[in-house]
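Residue-level structural notes
Residues per chain, in single letters:
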Amino acid sequence: DSGVTQTPKHLITATGQRVTLRCSPRSGDLSVYWYQQSLDQGLQFLIQYYNGEERAKGNILERFSAQQFPDLHSELNLSSLELGDSALYFCASSVGLAGGPHQETQYFGPGTRLLVL
Amino acid sequence: AQKVTQAQTEISVVEKEDVTLDCVYETRDTTYYLFWYKQPPSGELVFLIRRNSFDEQNEISGRYSWNFQKSTSSFNFTITASQVVDSAVYFCALSEVSGSARQLTFGSGTQLTVLP
């Protein structure tokens, strides 16, 4: 158990809909990351937050947005869903940006499997 | 831009054999971190090892060992005396230390099957 929790575990929805994925980082971790894993694109970085602020953006679609709240949990919002958005969405957390190499390791949650029909 | 290449798509070995997974990376940064993660059939991503670019000492941890060579930009991972439970997809990943961004760039993964 990595200590990172994600809900829900599975999500089935229809095209055009909007969903929210939730992530709680490990206790003490300030950085949260979102990744998407699909068969054709592999594992891709979406976005990073550090202590409530956005720090890096990857291949995140404009239909997708995220935020990190004061209690450090994070939500990833996916809207106007398309069939191609079906994927496994991972959240990861790390201690943060300072403190040494051992604090750079990202620990992953179990993922949310999204199926868009 | 950073890139990670895992040329081996699938590897199959018989239990107790040693197996090495290859990883080659590209980065312009002088400081970076390299990782290996394991994804078993259940789907979660499990952290295995981390290496810092400024420390080329190779280590062994139980049945795992790794060979980091900066000169060839390679970070290979070896499992000694493989077991059926080692069957999984293994991902090599790179994190550049550039500003405040710490995203991981993953390779495409190597599916390891250990046969009894």
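Residues numbered from 1 in each chain as written. Chains lettered and ligands numbered in written order. Predicted model: local features only at pLDDT ≥ 70, side-chain atom pairs only at ≥ 80, totals over all residues. Heavy atoms only, no water.

Moving on to the overall build of chain A. Across its full length, chain A carries 0 helices and 11 strands. Starting at the N terminus and ending at the C terminus, chain A contains elements arranged as β-β-β-β-β-β-β-β-β-β-β. For 117 residues, the compact-globule estimate of 2.2 N^0.38 gives 13 Å, and the C-alpha radius of gyration of chain A, at 14 Å, lies within 12% of that figure. With the C-alpha coordinates of chain A rotated into their principal frame, the extents come out at 45 × 25 × 25 Å. Counting every position in chain A, which comprises 117 residues, the buried fraction comes to 52%. Look at the contacts in chain A between residues 6 or more apart in sequence, and 56% of them connect residues 24 or more apart. (Helix = DSSP H or I, 4+ residues; strand = E, 2+ residues; numbered from the N terminus. Rg over C-alpha atoms; globule rule 2.2 N^0.38 Å. Buried < 20%, exposed > 50% of the residue type's maximum accessible area, 1.4 Å probe, protein only. Contact = heavy atoms within 4.5 Å.)

On to the environment of Ala81 of chain B. Residues and elements named next belong to chain B. As for its placement among the helices and strands, Ala81 is situated in the loop between strand S9 (74–79) and strand S10 (88–96). Between the C-alpha atoms of Ala81 and Leu94, which are 13 residues apart in sequence, the distance is 27 Å. Leave out the neighbours within four places in its chain, and Ala81 touches Lys16, Glu17, Asp18 and Arg63.

All names here are of chain A. Read across the sheet, 4 strands follow the order S1-S3-S8-S7 without closing on themselves; strand pairing throughout is antiparallel. Edge positions in the open sheet fall to strand S1 (5–7) and strand S7 (64–68), since each of these has one partner strand only. Neighbouring strand axes in the sheet, compared pairwise and without regard to direction, differ in orientation by 15° on average. Bridge analysis of S7 against strand S8 (residues 74–78) gives 5 bridges, and the strand direction is antiparallel. The residue bridging Gln67 from the neighbouring strand is Glu75, located in S8. (Pairing = 2+ DSSP bridges. Axes fitted to C-alpha atoms, helices over the stretch in contact; angles between N-to-C directions.)

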